[in-house]
Amino acid sequence: ALPSESTSGLNDVVLHILLGAAIFITLAVALRRPLLAFVLTAIIQVANEIVDLVEDATGTGIAGSIADVFWTLLLPAVLLAILGIVGSLRRRSFE
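Residues numbered from 1 in each chain as written. Predicted model: local features only at pLDDT ≥ 70, side-chain atom pairs only at ≥ 80, totals over all residues. Heavy atoms only, no water.

Q: Would you explain unusual backbone geometry in this entry?
A: Across the chain, the bulk of peptide bonds are trans and the bulk of non-glycine residues have phi less than zero. Of note in this structure, R32 is not a glycine but carries a positive phi near 60°. Following the sequence through the fold, R32 ends up in the loop between α2 (12-31) and α3 (34-55). Classification of R32 as exposed rests on a relative accessible area of 75%. (Helix = DSSP H or I, 4+ residues; strand = E, 2+ residues; numbered from the N terminus. Buried < 20%, exposed > 50% of the residue type's maximum accessible area, 1.4 Å probe, protein only.)

Q: Where do I start with the packing of α3 against helix α4 (residues 61-93) in this structure?
A: Helix-helix packing is described using two parameters, namely the angle between the two axes and the distance between the axes. Relative to each other, α3 and α4 sit at 170°, their axes nearing to 10 Å. Comparing their axes, α4 and α3 come out roughly antiparallel. Residues P34, L35, F38, T41, A42, Q45, E49 and L53 of α3 form the contact with α4, whose own contacting residues are G61, I62, S65, D68, V69, T72, L73, P76, A77, L80 and L83. Residues that form the contact of α3 with α4 fall into these classes: twelve nonpolar, five polar and two charged. (Axes fitted to C-alpha atoms, helices over the stretch in contact; angles between N-to-C directions. Parallel < 35°, antiparallel > 145°, perpendicular 65-115°, else oblique. Contact = heavy atoms within 4.5 Å. Nonpolar A, V, L, I, M, F, W, Y, C, P; charged D, E, K, R; others polar.)

Q: Help me understand the nonpolar core in this model?
A: As a rule of thumb, nonpolar side chains are buried together in soluble globular proteins. In this structure, F24, L27, A28, A37, F38, A42 and L73 together form the largest nonpolar core, which totals seven residues. For this core, the elements supplying multiple residues, two or more each, are α2 and α3. (Core = buried A, V, L, I, M, F, W, Y, C linked by side-chain atoms within 4.5 Å.)

Q: Explanation requested: α4 in the structure shown.
A: An α-helical segment advances 3.6 residues per turn. Residues three or four places apart therefore align on the same side. Here α4 contains 33 residues, and its C-alpha end-to-end distance of 48 Å stays within 8% of the 48 Å for a straight helix at 1.5 Å per residue. Along its length, α4 reaches its greatest deviation from straightness, about 35°, at L73, and the proline P76 lies no more than four positions downstream. Along α4, the positions that sit buried rather than exposed are G64, S65, D68, T72, L73, P76 and G87. Along its buried surface, α4 packs onto α2 and α3. (Expected span 1.5 Å × (residues − 1). Bend = angle between axes of the 7 residues up to and from the residue.)

Q: How should α2 be read in this particular structure?
A: For α2, spanning 20 residues, the distance from its first C-alpha to its last is 28 Å, which sits close to the expected 28 Å at 1.5 Å a residue. Residues of α2 that are buried include every one of L15, H16, G20, A21, F24, L27 and A28, and no others. Of the residues flanking the start of α2, the one acting as N-cap is N11, its side-chain oxygen 3.1 Å from the backbone nitrogen of V13. Among the residues trailing α2, R32 stands out with phi positive, at a value near 60°. (Polar contact = N/O pair within 3.5 Å; in protein donor to acceptor, adjacent residues only side chain to side chain.)

Set out below in structure tokens:
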């Protein structure tokens, strides 16, 4: 499970956004394949939420897990879209 607000001083939404972005950027740089990095980030987050649900760690149930997945993947999805647009523009400029 993710660090809690009591240990980091940040609320749950901010933690999910920041950790999702950090995981995605780290994987994207290491793998040089942003789409694969996004898929792996999603897999990691879903696994985290499964653990949370099994342990009832957050007490928010499935609705909380869906919200956590949304917040975790929001910034990686935006970054992936930006990378796709930039890549498309680069390909057009060389044609």
